[in-house]
Amino acid sequence: MLYLNYFTILMIAHLQGKLLEKTPTDIVIDCGGVGYHVNISLHTYSLLPDNEVIKIYTYLQIKEDAHTLFGFVEKSEREIFKMLLSVSGIGASIARTMLSSLDPKQIIQALAVGDLGTIQSIKGIGTKTAQRAILDLKDKVLKLYDIDEVSLSQNNTNKDEALSALEVLGFNKKLAEKSVDKIVKETPNATVESIIKQALKNL
């Protein structure tokens, strides 16, 4: 019976049931009278419906001392999570932090263009781990998500040029980065000039 339960747990692909508890880091779902504690990212938290009954795609992390469930509203986010786990140095906790710090699309774009700064800006990610993530996943994301690498590279260049200009003008680097990142996220095709102008209004 022990082995049967063990392998039954391994096959959990999703949970559908009544949402009993919800916080920005975890939820509890009642499925047939059993309450499942599921860890989530801020991205999934922002997408949780107001419905009483919800469906969550899951990933089970198995360690000697614990079995931990991670849940995702979008199946695509779960796939990115699993992809990140394939990188040496990135565990489930850091992968969840990445998906809480950045939108999944931002992570994919950063990996696709080799944006080391964006990946490294995430808490828990050092230079070597960021470099390894880009090296291991760049080709995968370009293939899986059919990304226009040339277009993304141009957007990344515009961002870098705008940041350099703002630093020359005397603005704090971290504040400038925060402002520019927001602008680029909201207006992906913004020119260097428009990024700078908008940033000057916000700084």
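The structure displayed is predicted, hence computed values, not measured ones.

Student: How should I be thinking about the overall build of the chain in this particular structure?
Tutor: Within the chain, the secondary structure is distributed over 10 helices and five strands. The buried share among the 203 residues of the chain stands at 36%. Once local pairs closer than 6 in sequence are excluded, the contacts in the chain between residues at least 24 apart make up 52%. Accessible surface for the chain amounts to roughly 12,000 Å². Of this, 52% is attributable to carbon and sulfur atoms.

Student: Explanation requested: the nonpolar core in the structure shown.
Tutor: Side chains of nonpolar character tend, in soluble globular proteins, to be buried together. Among the nonpolar cores identified, the biggest contains 27 residues, and F81, L84, I90, M98, L111, I119 and I125 are the most heavily contacted of them. Only strand 5 (67-72), helix 3 (75-85), helix 4 (92-101), helix 5 (104-113) and helix 7 (127-144) provide two or more residues apiece to this core. Here this core takes six residues from helix 7, the largest share from any one element. By size, the runner-up hydrophobic cluster in this structure holds 12 residues, among which are L19, I27, C31 and I40.

Student: Would you mind going over helix 9 (residues 173-186) with me for this structure?
Tutor: The α-helix winds at 3.6 residues per turn, so residues separated by three or four positions along the chain end up facing the same way. Compared with the 20 Å implied by 1.5 Å per residue over 14 residues, the 20 Å span of helix 9 between its first and last C-alpha is a close match. Regarding helix 9, the residues found buried are A176, S179, V180 and I183. Viewed along the axis of helix 9, the buried residues span an arc of 95 degrees, placing them on a single side of the element. Seen from the open side of helix 9, the exposed residues pointing more than 90 degrees away from its buried face are K174, K178, K182 and K185.

Student: Just to check I follow, could you spell out the pairing of strand 2 (residues 26-31) for this structure?
Tutor: Across a regular strand the side chains alternate sides, sitting on one face of the sheet and then on the other. Direction of pairing for strand 1 (residues 14-22) relative to strand 2: antiparallel, over a ladder of four bridges. Within strand 2, the position partnered with E21 by the bridge is V28. Between strand 1 and strand 2, which pair antiparallel in sequence order, lie three residues. As judged from the six bridges shared by strand 2 and strand 3 (residues 34-39), these two strands associate in the antiparallel manner. The residue of strand 3 that forms the bridge with C31 is V34. Taking the residues between adjacent antiparallel strands as the criterion, strand 2 and strand 3 are bridged by two residues, where G32 takes a positive phi near 60 degrees.

Student: Help me understand the packing of aromatic side chains in this model?
Tutor: Aromatic ring pairs are reported here in terms of the distance separating the ring centres and the angle at which the planes meet. Applying the stated rule across the entire model yields three aromatic pairs. Both rings, one in F70 and one in F81, keep their centres 5.2 Å apart while their planes meet at 35 degrees; by these two values the pair is tilted. Here F70 is found in strand 5, whereas its partner F81 is found in helix 3, with 11 residues between them in sequence. Three or more aromatic residues joined by ring pairs form one cluster here, namely Y59, F70, F72 and F81.

Student: Would you mind going over the side chain of T44 with me for this structure?
Tutor: Its place among the elements puts T44 in helix 2 (residues 42-47). If near-sequence neighbours (up to four positions away) are discounted, T44 is found in contact with I56, G71, F72, V73 and E77.

Student: Please explain the environment of A112 as it appears in this structure.
Tutor: The topology assignment puts A112 in helix 5. In this structure A112 comes out as buried when scored by relative accessible area, which is 0%. Note: C-alpha distance between A112 and L142 (30 residues apart in sequence) is 6.0 Å.

How each quantity is defined
- Residues numbered from 1 in each chain as written.
- Predicted model: local features only at pLDDT ≥ 70, side-chain atom pairs only at ≥ 80, totals over all residues.
- Heavy atoms only, no water.
- Helix = DSSP H or I, 4+ residues; strand = E, 2+ residues; numbered from the N terminus.
- Buried < 20%, exposed > 50% of the residue type's maximum accessible area, 1.4 Å probe, protein only.
- Contact = heavy atoms within 4.5 Å.
- Areas by Shrake-Rupley, 256 points an atom, 1.4 Å probe, with all protein chains shown as cover.
- Core = buried A, V, L, I, M, F, W, Y, C linked by side-chain atoms within 4.5 Å.
- Expected span 1.5 Å × (residues − 1).
- Arc of directions from axis to C-beta.
- Pairing = 2+ DSSP bridges.
- Phe/Tyr/Trp six-rings, centres within 6.5 Å; stacked < 30°, edge-to-face > 60°.

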